[in-house]
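Here's the letter readout for the chains.
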Amino acid sequence: MSLSARLMDDIKTAMRAKDKIALEALRAIKSEILLGQTATGSKEEISEEDEIKLLQKLVKTRKDSAKIFTEQNRLDLAEPELAQIAVIEKFLPAQLSEAEVEAIIAKIIAETGASGIASMGKVMGLAASQLGGTAEGKTISTIVKKLLI
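An account of the accompanying structure is given in this report. Quick caveat, the model's predicted, so the values are computed rather than measured. (Residues numbered from 1 in each chain as written. Predicted model: local features only at pLDDT ≥ 70, side-chain atom pairs only at ≥ 80, totals over all residues. Heavy atoms only, no water.)

### Notes on the overall build of the chain
Reasoning step 1: Helices and strands together make up the secondary structure of the chain, namely 7 helices and 0 strands.
Reasoning step 2: The N-to-C order of helical and strand elements in the chain reads α-α-α-α-α-α-α.
Reasoning step 3: Overall, the C-alpha framework of the chain stretches about 55 × 45 × 25 Å when taken along its three principal axes.
Reasoning step 4: For the chain, the proportion of its 149 residues judged to be buried stands at 32%.
Reasoning step 5: For the chain, the share of sequence-separated contacts (at least 6 apart) that also reach a separation of at least 24 residues comes to 60%.
Reasoning step 6: On the chain, roughly 9,300 Å² of surface is accessible, and the fraction owed to carbon and sulfur atoms is 56%.
Reasoning step 7: Here the chain carries 21 positive and 22 negative side-chain charges, and the mean point of each set is 3 Å from the other. (Helix = DSSP H or I, 4+ residues; strand = E, 2+ residues; numbered from the N terminus. Buried < 20%, exposed > 50% of the residue type's maximum accessible area, 1.4 Å probe, protein only. Contact = heavy atoms within 4.5 Å. Areas by Shrake-Rupley, 256 points an atom, 1.4 Å probe, with all protein chains shown as cover. Lys, Arg positive; Asp, Glu negative; His and termini not counted. Charge placed at Lys NZ, Arg CZ, Asp CG, Glu CD.)

### Quick notes on the environment of Ala86
Reasoning step 1: Tracing the sequence through the fold places Ala86 in helix α4 (residues 75–89).
Reasoning step 2: Spatially, the C-alpha atom of Ala86 lies 20 Å from that of Asp50, the residues being 36 residues apart in sequence.

### Re helix α6 (residues 120–131)
Reasoning step 1: With 12 residues, α6 should reach 16 Å at 1.5 Å per residue; the first-to-last C-alpha distance of 16 Å fits that figure.
Reasoning step 2: The complete set of buried residues in α6 reads Met120, Val123, Ala127 and Leu131. Projected down its long axis, α6 carries its buried residues within an arc of 70°, all on one side. Across from the buried face of α6, at angles greater than 90 degrees, the exposed residues are Gly121 and Ser129.
Reasoning step 3: Buried residues along α6 sit in contact with α5 (98–112) and α7 (137–148).
Reasoning step 4: In the stretch just after α6, Gly133 is the one whose phi turns positive, near 90°. (Expected span 1.5 Å × (residues − 1). Arc of directions from axis to C-beta.)

Read these as layout, nothing more, since geometry by itself doesn't imply function.
Written out as structure tokens, the structure is:
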């Protein structure tokens with residue numbers, strides 16, 4: 001089942017359950033997908049890879065917002081953001097643990113013979129394409145820096 005179809009089913013379910021937080025998160029996903037489709041100028045479905053990138057962007061935005069709200073002692077605003085993250089993450093592929101990501105990046109570094117921080121861009125590109133949606137960019141970046149330094 002495509003993301004759009006799953007999304008519409010979940011929106012209907014959230015509407016019936018009167019779950020405002022889930023409904024808001026689901027509508028945000030739908031909005032981003034529609035914006036992604038119109039950005040290319042076609043009515044075609046966007047690729048699964050682009051869908052994952054959109055979902056990761058939505059999660060990252062909400063994590064950043066929740067962090068700011070928490071720092072400002074506004075838990076009343078942070079909690080809905082964290083709840084929306086949980087809803088959005090249902091549509092993402094299972095995330096790898098840091099140990100699994102580190103093993104994959106170590107393998108990439110060994111295969112390419114990369115050494116030093118100057119090789120970071122090359123390793124990041126390969127890691128991002130290989131891990132495609134199963135790890136956050138920030139996590140990948142942190143691990144690559146740790147292994148290259």
